[in-house]
Amino acid sequence: MKSVEQEPRKNLWSWMSGWLKPDWLFVIMLFASVFLAVSDGLQTDVYQFVPPPLFPKLALLTGAMVLFSVLATLGAKLDRRHLDDYMFQMVANGAVIAIITTILVNMVWEIASGSLPPITRNDLIAVMMGSWSLGYFFYRWRGLNA
């Protein structure tokens, strides 16, 4: 008779990460970016009866996003060929830190918008550049496995 081994109980995080694949997360982020791009155009002024045309803005933003994503992918491919793998991993991990930090800073600013001064696009670019640098140097000093 065969003994049936029980699987160890998975914690919530491993269950969620098994169910929520990165592909799905990026699909959700893609749709969220389109919504964010057009949401400003959906808000109309009280005296304006016709909403501004959304298609040209959406088409331009989508075209620019696709173009620059392709160029960034090709640039990363060149970087990967000419940099050693360790250096590429530090730069890439620093970029992930920058994206997460920028999203979280923007989220906190939106939540507390009544008590904080307004944040501008330039502020967010500065946060992204600074956190990318800090992320890179963190991995540079501590190593990739820290």
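Just so you know, the residues in each chain are numbered from 1, in the order the chain's sequence is written. Predicted model: local features are reported for residues with pLDDT of at least 70 only, side-chain atom pairs are reported and counted for 80 or more only, and whole-chain, interface and lining totals are derived from all residues. To get the side-chain values, all heavy atoms of the structure are used, and hydrogens and water are removed first.

J.: I'm lost on the overall build of the protein in this one. Help?
T.: Counting from the N terminus, the helices are DSSP H or I runs at least four residues long and the strands are E runs at least two residues long. Helix and strand counts for the protein come out as five helices and zero strands. Taken from N to C terminus, the helices and strands of the protein fall in the order α-α-α-α-α. Accessible area is worked out with a 1.4 Å probe on protein chains only. A residue is then buried under 20% of its type maximum, exposed over 50%, and partly exposed in between. Every one of the 146 residues in the protein was classed for burial, and the buried ones make up 10%. By definition, residues are in contact when any of their heavy atoms lie within 4.5 Å. Across the protein, the fraction of contacts at a sequence separation of at least 24, relative to all contacts at a separation of at least 6, is 58%. All accessible areas in this document rest on Shrake-Rupley with a 1.4 Å probe, and a residue is counted as covered only by the protein chains that are shown. About 12600 Å² of surface is accessible on the protein, with carbon and sulfur atoms providing 69% of the total.

J.: Help me out: how do you make sense of the packing of aromatic side chains in this one?
T.: Aromatic rings in a pair are described by how distant their centres are and how their planes are angled relative to each other. When the centres of two rings from Phe, Tyr and Trp lie within 6.5 Å, Trp using its six-membered ring, the rings pair. Their planes under 30 degrees apart give stacked, over 60 give edge-to-face, and anything left gives tilted. Following the criterion strictly, the structure yields three aromatic pairs and no others. Connected via pairs of aromatic rings, a cluster forms that spans Tyr136, Phe137 and Trp141.

J.: Would you mind going over helix α5 (residues 121–142) with me for this structure?
T.: One less than the number of residues in a helix, times 1.5 Å, gives the span that helix is expected to have. Taking 1.5 Å per residue, 22 residues should reach 32 Å; α5 reaches 31 Å between its end C-alpha atoms and fits that length. Within the sequence span of α5, burial applies to Ser131, Gly135, Tyr136 and Tyr139. Down the axis, α5 shows its buried residues gathered within 135° of arc, on one side only. For α5, the exposed residues lying more than 90 degrees away from the buried face are Asn122, Met129, Leu134 and Trp141. This arc is built from the directions going out from the helix axis to the C-beta atoms.

J.: Quick question: what am I supposed to make of the confidence of the model for the protein here?
T.: The predicted structure's coordinates, where accompanied by low pLDDT, should not be read in detail. Known as pLDDT, the predictor's confidence for each residue is given on a scale from 0 to 100. Residue-level pLDDT values for the protein average 75, and 65% of them are 70 or greater. Helix α4 (residues 85–111) holds the highest mean pLDDT among the elements of the protein, 88, whereas helix α1 (residues 12–19) holds the lowest, 62.

J.: Looking at this model, I keep getting lost on the side chain of Ser131. Mind explaining?
T.: Examined against the element boundaries, Ser131 turns out to sit in helix α5. The class of Ser131 is buried, set by a relative accessible area of 7%. Contacts of Ser131, omitting those with residues within four sequence positions, involve Gly94, Ile97, Ala98, Thr101 and Thr102.

J.: For this particular structure, what's the right way to read a nonpolar patch on the surface?
T.: Each patch is built from salt-bridge-free residues with over 30% relative accessible area, joining like charges within 9 Å and nonpolar side chains (Val, Leu, Ile, Met, Phe, Trp, Tyr) within 5 Å. One speaks of a salt bridge when a side-chain nitrogen belonging to Lys or Arg is within 4 Å of a carboxyl oxygen belonging to Asp or Glu. Together, Val66, Leu67, Phe68, Val70, Leu71 and Leu74 give the surface a local cluster of nonpolar side chains, amounting to about 570 Å² of exposed area. Accessibility expressed as a relative area gives 46% for Leu67, which makes it partly exposed.

J.: Honestly, the packing of α4 against α5 in this entry has me stumped. Any pointers?
T.: Any two packed helices are characterised by the angle at which their axes cross and by the distance between the axes. For the pair α4 and α5, the least separation of the axes is 7 Å and the interaxial angle reads 140°. Our classification of the angle between α4 and α5 gives oblique. Once α4 is placed against α5, the crossing between them reads as right-handed. Note on residue classes: Ala, Val, Leu, Ile, Met, Phe, Trp, Tyr, Cys and Pro are nonpolar, Asp, Glu, Lys and Arg are charged, and everything else, Gly too, is polar. Its residues placed into classes, the contact of α4 with α5 shows 14 nonpolar, seven polar and one charged. Axis definition: a line fitted to C-alpha atoms, over the contacting stretch in the case of helices. Angles run 0 to 180 degrees between N-to-C directions. Working definition: roughly parallel below 35 degrees, roughly antiparallel above 145 degrees, roughly perpendicular at 65 to 115 degrees, and oblique for all remaining angles. Left-handed describes a crossing whose near helix is turned anticlockwise from the far helix by less than a right angle; the clockwise case is right-handed.

J.: What's the story with the side chain of Thr102 in this structure? I'm lost.
T.: Looking at where Thr102 falls in the secondary structure, it is placed in helix α4. For Thr102, a relative accessible area of 9% translates into the label buried. Setting aside its immediate chain neighbours within four residues, Thr102 contacts Leu124, Val127, Met128 and Ser131.

J.: I tried to follow α4 on my own but got confused; where do I start?
T.: Given 3.6 residues to a turn, an α-helix orients residues that are three or four positions apart in the same direction. In this model, α4 (27 residues) spans 39 Å end to end at C-alpha, consistent with the 39 Å of a helix rising 1.5 Å per residue. Within the sequence span of α4, burial applies to Phe88, Met90, Gly94, Ala98 and Thr102.

J.: Explain the environment of Thr73 to me, please; I cannot follow it from the model alone.
T.: Along the chain, Thr73 falls in helix α3 (residues 54–82). Separated by 2.7 Å, the side chain of Thr73 and the backbone oxygen of Ser69 make a polar contact. Any N or O atom pair separated by 3.5 Å or less is treated as a polar contact, with the protein-specific requirement of one donor-capable and one acceptor-capable atom, and with residues adjacent in sequence counted only for side-chain atom pairs.

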